[in-house]
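So you can see what is in the structure, the chains are spelled out below.
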Amino acid sequence: MDDTEREKQAAAEAAAALVEDGMVVGLGTGSTVAYLLPALGRRRLDISCVATSPATETLARAEGLRVGSFERIDRLDMAIDGADQVDPGGWLIKGGGGAHTREKIVAAAAEQFIVIVSSNKLVPRLTSPVPLEIMAFGLDSILRSLPGVAVRPAPRSPDGGVLADYHGALDDPAQSADRFGATPGVVEHGLFPPSLVSLVMVGRGEQVDSFRPGL
């Protein structure tokens, strides 16, 4: 295991230690979450989980975690997920795995959204690409309204959306988030604001540092 993988594992295990009996927990998607699931499974807690992708659901069940539908749950106690980039102010880019729409819904529904990353995910400023999920209906017209966006050569999202990426300048994450959010046909984008994030846990070697955006 290389240093980056050790840092992912350290952050994931530290986040797993925050989960308590009786919680309803949202599970993210990606390589860092892959370390979270066995760490949670080993604790043998009485928790219910919601998964943000079929892959996470399969892995979670294999670790003995109880995973249910998110259709009749209106809040989560905690959500834990990774990130592709984290800037000093707590803005995130997520969605390299194509699950950012579900991940953002789960993060917004959680009382606490815990982000787990290795130290190489910390950046001085966010840079493209920014993942997008776009409707197939009117796809070409949507792309025409978004210069710098290209369809990703990948399967559809878990909910049938077309995955794409914005490759242009990203000088102001808030402004870009507003522009993507206001474009008809964009289902969701991969810019997550600091207001969603409760805690960022960063693996650094064998240690785990943490910070709360805005503090």
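Going along each chain's sequence as written, the residues are numbered from 1 onward. Residues qualify for local features only when their pLDDT is at least 70, as the model is predicted, and side-chain atom pairs are given and counted only at 80 or more; totals for whole chains, interfaces and linings, by contrast, use all residues. The basis for every side-chain value is the complete set of heavy atoms in the structure, and neither hydrogens nor water enter the calculation.

Overall, mixed pairing links the 7 strands, which are arranged β3-β2-β1-β4-β7-β13-β14 in an open sheet. Both edges of this open sheet fall to β3 (66-67) and β14 (207-211), since each of them pairs with a single strand only. Any pair of residues with heavy atoms lying within 4.5 Å of one another is described as a contacting pair. Between N-to-C directions, angles span 0 to 180 degrees; the directions come from axes that are lines fitted to C-alpha atoms, helices contributing only their stretch in contact. The helix and strand labels rest on DSSP assignments: H or I over at least four residues marks a helix, E over at least two residues marks a strand, and numbering proceeds from the N terminus. Packed onto the sheet, helix α1 (residues 3-16) meets β4 (76-81), β7 (110-118), β13 (199-204) and β14 and runs at close to 160° relative to β7. The sheet contacts of helix α4 (residues 100-109) involve β1 (24-27), β2 (48-51), β4 and β7, and relative to β7 the element is tilted by about 130°. Pairing between strands is defined by DSSP: at least two bridges between them are needed.

As a further point, take the sheet that holds strand β12 (residues 191-192). With antiparallel pairing, 3 strands are arranged side by side in an open sheet as β5-β6-β12. Edge positions in the sheet fall to β5 (85-86) and β12, since each has one partner strand and no second.

Core analysis: the largest hydrophobic core is formed by 26 residues, its most contacted members being Val-19, Leu-27, Leu-36, Leu-65, Ile-80, Ile-114 and Ile-116. Going through the elements one at a time, α1, β1, α2 (33-43), β2, β4, β7 and β13 are the ones with two or more residues in this core. If one sorts the elements of this core by residue count, α2 sits on top with 6 residues. If we ignore the near neighbours within four places in the chain, the residues touching Leu-65 are Leu-27, Leu-37, Leu-40, Gly-41, Ile-47, Cys-49 and Ala-60. Side-chain atoms within 4.5 Å are what join buried Ala, Val, Leu, Ile, Met, Phe, Trp, Tyr and Cys residues into a set we call a nonpolar core. Burial classification: accessible surface area is computed with a 1.4 Å probe over protein chains only, and a residue below 20% of its type maximum counts as buried, one above 50% as exposed, and the rest as partly exposed.

Just to be clear on terms, a salt bridge is a Lys or Arg side-chain nitrogen sitting within 4 Å of an Asp or Glu carboxyl oxygen. By the definition in use, this model includes 15 salt bridges. Between Asp-3 and Arg-6 there is a salt bridge whose closest N-O contact spans 2.3 Å. Separated by 3 residues within a single helix, Asp-3 and Arg-6 lie in helix α1, roughly one turn from each other. By relative accessible area, Asp-3 is classed as exposed at 52%. Residues Arg-75 and Glu-111 are paired through a salt bridge, measuring 3.5 Å at the closest nitrogen-oxygen approach. In this pair, Arg-75 sits in the loop between β3 and β4 while Glu-111 sits in strand β7, placing the two residues 36 residues apart along the sequence.

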